[in-house]
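This is what each chain is made of:
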Amino acid sequence: MSGPGLLRVPLGSIAAGVIALPPEAASYVVRVHRLREGDRFVVFDPELGVEADATIESIGRRGAEARIDAPRPAALRPGRRVTWIQAVGKGDKMDAVVRDATELGATRIIPAISARSVARPAEERSQRWRRIAVEAARQCGRGDAPRVDAPMSLAAALAAAGATREVEGGALGMCLDPYAETPLGARLAALTPGMEAAFAVGPEGGFTPEELGICAALGFERVRLGALTLRTETVCAAALGALIAVGDARAG
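My aim in this report is to walk through the structure given alongside it, one point at a time. (Residues numbered from 1 in each chain as written. Predicted model: local features only at pLDDT ≥ 70, side-chain atom pairs only at ≥ 80, totals over all residues. Heavy atoms only, no water.)

### Notes on the overall build of the chain
And then number 1: Helices and strands together make up the secondary structure of the chain, namely seven helices and 14 strands.
And then number 2: Taking 18 Å as the expected radius of gyration for a compact globule of 252 residues, we find that the chain reaches 20 Å, a close match to that expectation.
And then number 3: Taken over the C-alpha atoms alone, the chain extends approximately 60 × 40 × 30 Å along its principal axes.
And then number 4: Taking as baseline every contact in the chain between residues at least 6 positions apart, the subset at least 24 positions apart corresponds to 72%.
And then number 5: Looking at the chain as shown, the accessible area adds up to about 12,200 Å², and 52% of this sits on carbon and sulfur atoms.
And then number 6: Taking the average place of the 31 positive charges on the side chains of the chain and the average place of its 30 negative ones, the gap between the two points comes to 3 Å. (Helix = DSSP H or I, 4+ residues; strand = E, 2+ residues; numbered from the N terminus. Rg over C-alpha atoms; globule rule 2.2 N^0.38 Å. Contact = heavy atoms within 4.5 Å. Areas by Shrake-Rupley, 256 points an atom, 1.4 Å probe, with all protein chains shown as cover. Lys, Arg positive; Asp, Glu negative; His and termini not counted. Charge placed at Lys NZ, Arg CZ, Asp CG, Glu CD.)

### Brief notes about helix α4 (residues 154–161)
And then number 1: Buried within α4 are the following residues: L154, A157, L158 and A161. Summarising the axial view, the buried residues of α4 lie within an arc of 95°, below the 170-degree limit, and thus occupy one face.
And then number 2: A positive backbone phi angle near 60° is found at G162, which sits one or two residues after α4. (Buried < 20%, exposed > 50% of the residue type's maximum accessible area, 1.4 Å probe, protein only. Arc of directions from axis to C-beta.)

### Focus: helix α1 (residues 23–32)
Because each turn of an α-helix spans 3.6 residues, side chains separated by three or four positions end up pointing in the same direction.
And then number 1: Of the residues making up α1, those classed as buried are A25, A26, Y28, V29 and V30.
And then number 2: For α1, the secondary structure elements touched by its buried residues are β1 (8–10), β3 (40–45), β4 (50–60), β5 (63–68) and α3 (125–140).
And then number 3: One or two positions beyond α1, positive phi appears at R34, with a value near 60°.

### Quick word on the nonpolar core
And then number 1: Ranked by size, the top nonpolar core spans 28 residues in total, and within it W84, F199 and L240 carry the most contacts.
And then number 2: Those elements that provide at least two residues to this core are β7 (82–87), α2 (93–103), α3, β12 (171–176), α5 (184–188), β13 (197–201) and α7 (232–251).
And then number 3: Excluding its chain neighbours within four sequence positions, the residues that come into contact with F199 are V82, T83, W84, I85, M174, L176, L184, L188, F220, A239, L240 and L243.
And then number 4: Grouped together as the second largest cluster of nonpolar side chains are 19 residues, L11, I56, A64 and A66 included. (Core = buried A, V, L, I, M, F, W, Y, C linked by side-chain atoms within 4.5 Å.)

### Observations concerning the pattern of salt bridges
And then number 1: Under the definition given, this model contains 18 salt bridges.
And then number 2: A salt bridge links R138 to E135, with the nearest nitrogen and oxygen atoms 2.8 Å apart. With R138 and E135 both in helix α3 and three residues apart, the pair spans about one turn of that helix.
And then number 3: Exposure remark for R138: the relative accessible area of 14% places this residue in the buried category.
And then number 4: One salt bridge in this structure joins R187 and E221, with 3.3 Å as the shortest N-O distance. (Salt bridge = Lys/Arg side-chain N within 4 Å of Asp/Glu carboxyl O.)

### Focus on the packing of aromatic side chains
And then number 1: Counted according to the given criterion, the structure contains one aromatic pair.
And then number 2: For R8, the ring lying beneath its charged end belongs to F44, and the centroid distance is 4.9 Å. (Phe/Tyr/Trp six-rings, centres within 6.5 Å; stacked < 30°, edge-to-face > 60°. Lys NZ or Arg CZ within 6 Å of the ring centre and 35° of its normal.)

### Comments concerning unusual backbone geometry
And then number 1: At S13, a residue that is not glycine, the phi angle is positive and equals roughly 55°.
And then number 2: Within the element layout of this structure, S13 appears in the loop between β1 and β2 (17–20).

### Things to note about the pairing of β4
And then number 1: Relative to β4, β3 runs antiparallel, the two being bridged by six bridges. If you follow V43 over to β4, its bridge partner there is A52.
And then number 2: Turn length for the β3-β4 hairpin, with the two strands adjacent in sequence and antiparallel, is four residues, and the turn residue G49 shows positive phi of about 70°.
And then number 3: One ladder, built from two bridges, connects β4 with strand β6 (residues 72–73); its direction is antiparallel. Note on β6: the bridge partner recorded for E51 is R72.
And then number 4: When β4 meets β5, the two strands line up antiparallel, connected through six bridges. (Pairing = 2+ DSSP bridges.)

### Some thoughts on the side chain of R108
And then number 1: One can find R108 in strand β8 (residues 108–113).
And then number 2: Here the side chain of R108 touches D149 through a polar contact of 2.9 Å, side chain to side chain.
And then number 3: Among all residues touching R108, those that are not within four sequence positions of it are V82, T83, W84, P146, R147, D149 and A160. (Polar contact = N/O pair within 3.5 Å; in protein donor to acceptor, adjacent residues only side chain to side chain.)

Written out as C-alpha cells, the structure reads:
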C-alpha cells in the first residue's frame with residue numbers, strides 16, 4: 001500500500017510494468033518535484049478510480065521511466081453519487097466551483113446556461129474544467145475525478161440529474177434558493193445511506209420564477225442555506241460541506 005504523503009500523479013490506462021512516463025507526468029515528477037531514481041510515488045486513473053504505487057526506474061534527458069505496481073481500487077472515493085448543476089457565472093467563477101465540488105465529493109458537474117447567465121461558454125471550455133477537476137482530485141488525495149459535462153441548457157441539466165422530491169426512486173433533488181421556506185438541513189436529513197443527491201444553483205442573479213418552476217417540475221425542491229444570501233461560487237462549498245457533515249454524523 002502507498003505510504004502517507006507520497007506524491008500523486010494522474011495517469012490513464014494504469015497497468016503493472018515499466019513504462020515511459022508521458023512528457024507532462026515526467027516533467028511534473030522530475031522537474032517540479034525533483035524525484036530521483038528509486039523514489040516512490042502514486043499514480044491514479046481519474047476516469048476509472050484505480051491507483052498504483054510507482055517507482056522511478058530511470059531518468060534521461062528526454063524523459064523518465066517508472067515501474068508501476070499492480071493497480072488497485074483507489075482508497076479514497078466518494079461514498080455517494082452527487083451531481084452539482086451550476087448555472088455559469090461571470091469570469092472564472094466556474095473554475096472555483098469545479099475545484100470545490102471535486103474536493104467535496106461531487107461525482108458529476110454540469111455547467112448550465114440559465115436566463116441570467118451572462119457568460120455563454122463554448123463546449124471546449126469543459127475540457128479546461130475537466131483538467132481543473134483532475135488537478136483538484138490530485139491535491140486532495142481523491143482517487144477519481146468527477147465527470148464534467150459540456151455546457152447545456154438548464155432544463156437539459158436538470159433532466160440529466162434524474163432528481164426526485166421523494167426519498168426513493170432517484171437522486172434527492174435540491175434547488176438552492178435564499179427565499180425558500182425549507183432549510184437545507186431538513187432536506188439532507190431525508191438522505192438515506194448511499195442515496196444519490198443532486199443540487200442546482202443559479203448564477204449571480206439567481207434563477208427566474210419560471211426556472212424555479214422547471215426545477216420543481218423536474219424533482220428539485222427549493223431549499224435555503226441559512227439566512228444570508230451567498231455568492232453563487234460560494235454555495236457549492238457550503239452545501240457540499242453540509243452534506244459531508246450530515247454523512248459523518250450518521251457514520252459516527
